[in-house]
Amino acid sequence: YGQPADMDPLLEIASRYDLVVIEDACQAHGATYKGRKAGSMGLAGCFSFYPGKNLGAYGEGGAVVSQDKGLIDKIKMIRDHGQARKYYHEFEGYNGRLDAIQAGILRIKLRRLEQWNNARRENAKYYDELLSQIPGVKTPHEADYARSVYHLYVILVDERDKLQAFLSEKGIGTGLHYPVPLHLQKAYKHLGYGEGAFPVAEGAARRLLSLPMFPELSREQVEYVAESIREFMEAR
Ligand SMILES: Cc1ncc(COP(=O)(O)O)c(C=O)c1O
């Protein structure tokens with residue numbers, strides 16, 4: 001959601017067992033862990049520039065960053081049908097090239113990323129302040145080691161579906177990130193996990209609700225969302 005994982009223990013385990021760490025920083029452009037940028041701590045970091053992301057293109061896009069030049073050369077080839085030189089294919093790849101138009105847009109938007117992330121953090125702080133006073137609403141926790149960029153602001157509530165419908169009637173759009181835990185996805189059925197295998201993830205999937213979160217959100221809008229949630233919770 002924009003907050004890096006506790007990386008030091010992960011990096012330590014990886015180094016002990018000779019594993020590589022690949023960071024999924026797709027929701028964490030500009031976030032930091034103990035001052036280090038998300039995506040810069042493992043062998044490689046992956047970013048999505050899907051339009052809704054903190055740094056979003058006007059279409060699809062993404063990037064892999066790494067200090068390992070050999071790895072980057074290989075990734076450049078993979079995204080370009082396995083060629084380093086036009087029409088000479090060394091292995092099978094696919095077309096994952098970033099459009100020049102998207103790159104141009106991202107380059108301009110990148111200058112504003114810090115400012116937008118700060119605005120998200122201000123919105124999150126204001127949500128925290130207003131929502132923490134409402135019994136039955138669990139607000140996100142920012143770890144001491146992290147500076148979250150709040151790609152999403154996700155609360156936990158019982159009767160989530162009813163609250164979501166109530167907010168929708170008030171003109172407030174919300175999202176579910178994510179309604180189905182990995183182990184219950186059809187795609188991973190072959191792994192053999194069923195309902196009850198990961199009760200924490202399953203409980204979170206039933207209770208989570210993503211509130212409106214974007215840099216341009218006004219204080220009045222945050223207040224309207226928080227007041228609407230209060231109205232619902234008090235009427236229960
Ligand atoms: C955490 C995370 N990882 C990976 C992805 C995939 O990125 P993309 O949709 O650009 O392939 C996303 C976004 O959808 C994401 O939020």
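Each value, and the rule that gives it
Every chain begins its residue count from 1, and numbering advances along the sequence as written. With pLDDT at 70 or above as the cut-off, local features in this predicted model cover only qualifying residues; side-chain atom pairs require 80 or more to be listed or tallied, and sums for whole chains, interfaces and linings still use all residues. Side-chain metrics rest on all non-hydrogen atoms present in the structure, leaving aside hydrogens and water. Working definition: helices are DSSP H or I runs of at least four residues, strands are E runs of at least two. Numbering for both runs from the N terminus. We call two N or O atoms a polar contact when they sit within 3.5 Å, provided that within protein one can donate a hydrogen and the other can accept it, with sequence-adjacent residues counted only if both atoms are side-chain atoms. Residue contacts follow a heavy-atom distance rule, with two residues in contact if any of their heavy atoms lie within 4.5 Å. Between any two strands, at least two bridges found by DSSP are needed for them to pair. Here the axes come from fitting lines to C-alpha atoms, over the contacting stretch only for helices, and the angles between their N-to-C directions go from 0 to 180 degrees. The cutoff for a nearby residue is simple: one of its non-hydrogen atoms must lie within 4 Å of the molecule or strand. With residues, only the protein chains shown are counted as cover, and all accessible areas are computed by Shrake-Rupley using a 1.4 Å probe.

**Considering the side chain of Lys109**
Looking at where Lys109 falls in the secondary structure, it is placed in helix α3 (residues 100-110). Here Gly56 takes part through its backbone oxygen, which lies 2.8 Å from a polar atom of the side chain of Lys109. Contact partners of Lys109, with chain neighbours within four places excluded, come to Leu55, Gly56, Tyr58 and Trp116.

**Quick word on the sheet that holds strand β4 (residues 44-48)**
Across the sheet, three strands lie side by side as β1-β4-β5; this open sheet has mixed pairing. With partners counted over all chains shown, the strands left at the sheet margins are β1 (22-24) and β5 (62-65), one partner each. Looking at each pair of strands side by side, their axes are set apart by 15° on average, direction ignored. Of the pairings in the sheet, the one linking β4 to β5 comprises four bridges and is antiparallel in character. When the sheet's bridge partners are listed, Ser48 is paired in β5 with Gly62.

**Notes on the site of the ligand**
All residues adjacent to the ligand are Asp24, Cys26, Gln27, Ser48, Lys53, Gly61 and Tyr178. Here an oxygen atom of the ligand and a side-chain polar atom of Lys53 are 3.1 Å apart. Isolated, the ligand exposes 390 Å² of accessible area, and the fraction of that covered by the protein chains is 55%.

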